[in-house]
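# An overview of the molecular structure
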Amino acid sequence: MKQDSDLRNNLKSIRTRLGMSQQDLANIASVTRQTISGVESGLYAPSVATTLRLAKALGCQVEDLFWLERDLPEIEAVLTKPVPNGQQLRVSMARVGGQWIAYPLIGKDAFRQDMIPADGETVAVDGFPGISKLSHPKGESTSQTGTNKVRVRLLDDNLDTLHNTVVIAGCAPVISLWARATERWHPQLRVQYNFANSMAALHSLCRGEAHIAGMHLYDPETGEYNTPFVRDVLAGREAVLITLGVWEEGLLLKSGNPMGIRTVSDLVAGGATIVNREIGSGSRMLLEQTLQKEQIPFDAVQGFDNILKSHQDVAQAVVGGIADAGMSTASVATAFGLGFIPLHQSRYDLVILKEYLEVAPVQQLLSTLGHRMVHSQFEILGGYDISKIGEVVATV
């Protein structure tokens, strides 16, 4: 029987993984080697009996061997960043604010330490820039995102997983610890952590690309953490700020502090080279505020314009000798075996639009802030005060 053009199979992959030749499999399944070759090449669609024999011979389910391409659903989604026209993309998916959001898995966004599995691939990508809106089911809130629509072919039909995904944008390494602990407690929940500095996370929330934004920005004029920035960016939209913890921020230094650095003034006096963070990050803002307080011009610090985009990158630059110092947190210093000079205690808050507070995945995630499993992960890491974890500290 000629192969159906929509029928796909995984026969060769499973067979070779088990170390079987085509003839070995043919003997076990009581078919000819030509049958195996024809099925693997897509020239032959096996009968029901042959399909069952092959699955039994390989110790798997029929669904593991064969599937119909048209069975995989396609959904319309909003892409979160520009991509080259026509480029096919691996994407991660989530439902935010009544519409599907597609997060391109490109470059560093495709990795944490391991490559991130995709939920689907884009079928078509409209040109950027542009603004488009999706229709929303009755009763669901609309998104503020201004990116283009794409068609996404899912890699499986498990829509429940995508519906049960909560998206957090932020830069705190402990978010991933919280996420993994939560997924152990709620196995049906998936937490997607999109790395972004504080201001980028807040804008991502505003655009409808995340349920929660994490941030640690201090406003010296008001003496407040985060709230003034939230009021400014959200421009009247209602949100709550919930504390994740208070962390120590300061200078990462080489182990043993061979240059004897104690203050930011010592950076200049000792001719130390630093690495800095991008505009919008809490670490960069703290460095600038500290230099201004000490009346030190930014250009007096060697490496002020050497920009890295994560706490981990800053630590690796110091470990690797690229820089003598950089701004980060006590917990990151401990994790990389570096010296640390504390300069400031910053409150790390979770910003959540009020319309998302009743969304089931968000509720499940927030419910774990009081769990001992989460607290123990933070405590053993060090550098965090979690005495007020889970407290609502502001509403806007």
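Our structure is the block above this text.
Predicted model, so just to flag it, every value in this text is computed and none were measured.

## Comments concerning the pattern of salt bridges
- Per the counting criterion, the structure on display carries 12 salt bridges.
- Put simply, lysine 149 and glutamate 76 hold a salt bridge, and the shortest N to O gap is 3.9 Å. Of this pair, lysine 149 sits in strand 7 (residues 149–154) while glutamate 76 sits in strand 3 (residues 74–79); the two residues are 73 residues apart in sequence, bridging distant segments of the chain.
- Between arginine 237 and glutamate 355 there is a salt bridge, with the nearest N and O atoms lying 3.5 Å from each other. Of the two residues, arginine 237 is situated in the loop between helix 9 (227–234) and strand 13 (239–253) and glutamate 355 in the loop between strand 17 (339–353) and helix 14 (360–367); the sequence distance between them amounts to 118 residues.
- On the basis of relative accessibility, which here comes to 18%, the residue arginine 237 falls in the buried class.

## Here we look at the pairing of strand 10 (residues 212–215)
- Burial of strand 10 is two-sided: the residues Ile212 and Gly214 facing one way and the residues Ala213 and Met215 facing the other way are all buried.
- Relative to strand 10, strand 8 (residues 165–170) runs parallel, the two being bridged by 2 bridges. In the strand pairing of strand 10, isoleucine 168 is matched with isoleucine 212.
- Pairing between strand 10 and strand 17: 4 bridges, direction antiparallel. The partner of methionine 215 across the bridge, within strand 17, is aspartate 349.

## Overview of helix 8 (residues 198–206)
- Taking burial as the measure, the 9 residues of helix 8 include 7 buried ones, the bulk of the element.
- Considering only its buried residues, helix 8 is in contact with strand 8, strand 10, helix 9, helix 11 (282–293) and strand 17.
- Its side-chain oxygen 3.1 Å from the backbone nitrogen of methionine 199, asparagine 197 forms the N-cap of helix 8.
- Remark: glycine 208 follows helix 8 within two positions and exhibits a positive phi of approximately 85°.

## Brief notes about helix 14
- Buried within helix 14 we find Pro361, Val362, Leu365 and Leu366. Along the long axis of helix 14, the arc covered by the buried residues comes to 130°, so they all point the same way.

## Considerations on the packing of aromatic side chains
- Tallied over the full model, the rule gives 5 aromatic pairs.
- Ring centres of phenylalanine 298 and phenylalanine 304 lie 4.9 Å apart, and the angle between their planes is 15°; this geometry places the pair in the stacked category.
- Judged by relative accessible area, phenylalanine 304 falls into the buried class, the value being 6%.
- One aromatic cluster in this structure is built from Trp247, Tyr348, Phe378 and Tyr384.

## Some remarks on unusual backbone geometry
- A positive phi is found at alanine 235, a non-glycine position, where the angle reads about 50°.
- As for its placement among the helices and strands, alanine 235 is situated in the loop between helix 9 and strand 13.

## Notes on the nonpolar core
- Core analysis: the biggest nonpolar cluster contains 56 residues, and Trp178, Leu202, Ile212, Leu244 and Val351 have the highest contact counts within it.
- Those residues in contact with leucine 244 that lie beyond four places of it in its chain are Val174, Ile175, Trp178, Tyr348, Asp349, Leu350, Leu369, Phe378, Ile386 and Ile389.
- By size, the runner-up hydrophobic cluster in this structure holds 18 residues, among which are Ala26, Ile36, Leu54 and Phe66.

## Observations concerning the packing of helix 2 (residues 22–29) against helix 3 (residues 33–41)
- Where helix 2 meets helix 3, the closest approach of the two axes is 8 Å, and the angle between their N-to-C directions is 115°. In this view, helix 2 runs roughly perpendicular relative to helix 3, as classed from their interaxial angle. Of the two possible hands of crossing, helix 2 and helix 3 adopt the one that is right-handed. Each of Gln22, Gln23, Leu25 and Ala26 in helix 2 lies in contact with helix 3, whose residues at this interface are Arg33, Ile36, Ser37 and Glu40.

The rules behind each value
Residues numbered from 1 in each chain as written. Predicted model: local features only at pLDDT ≥ 70, side-chain atom pairs only at ≥ 80, totals over all residues. Heavy atoms only, no water. Salt bridge = Lys/Arg side-chain N within 4 Å of Asp/Glu carboxyl O. Helix = DSSP H or I, 4+ residues; strand = E, 2+ residues; numbered from the N terminus. Buried < 20%, exposed > 50% of the residue type's maximum accessible area, 1.4 Å probe, protein only. Pairing = 2+ DSSP bridges. Contact = heavy atoms within 4.5 Å. Polar contact = N/O pair within 3.5 Å; in protein donor to acceptor, adjacent residues only side chain to side chain. Arc of directions from axis to C-beta. Phe/Tyr/Trp six-rings, centres within 6.5 Å; stacked < 30°, edge-to-face > 60°. Core = buried A, V, L, I, M, F, W, Y, C linked by side-chain atoms within 4.5 Å. Axes fitted to C-alpha atoms, helices over the stretch in contact; angles between N-to-C directions. Parallel < 35°, antiparallel > 145°, perpendicular 65-115°, else oblique. Left-handed = near helix turned anticlockwise from the far one by under 90°.

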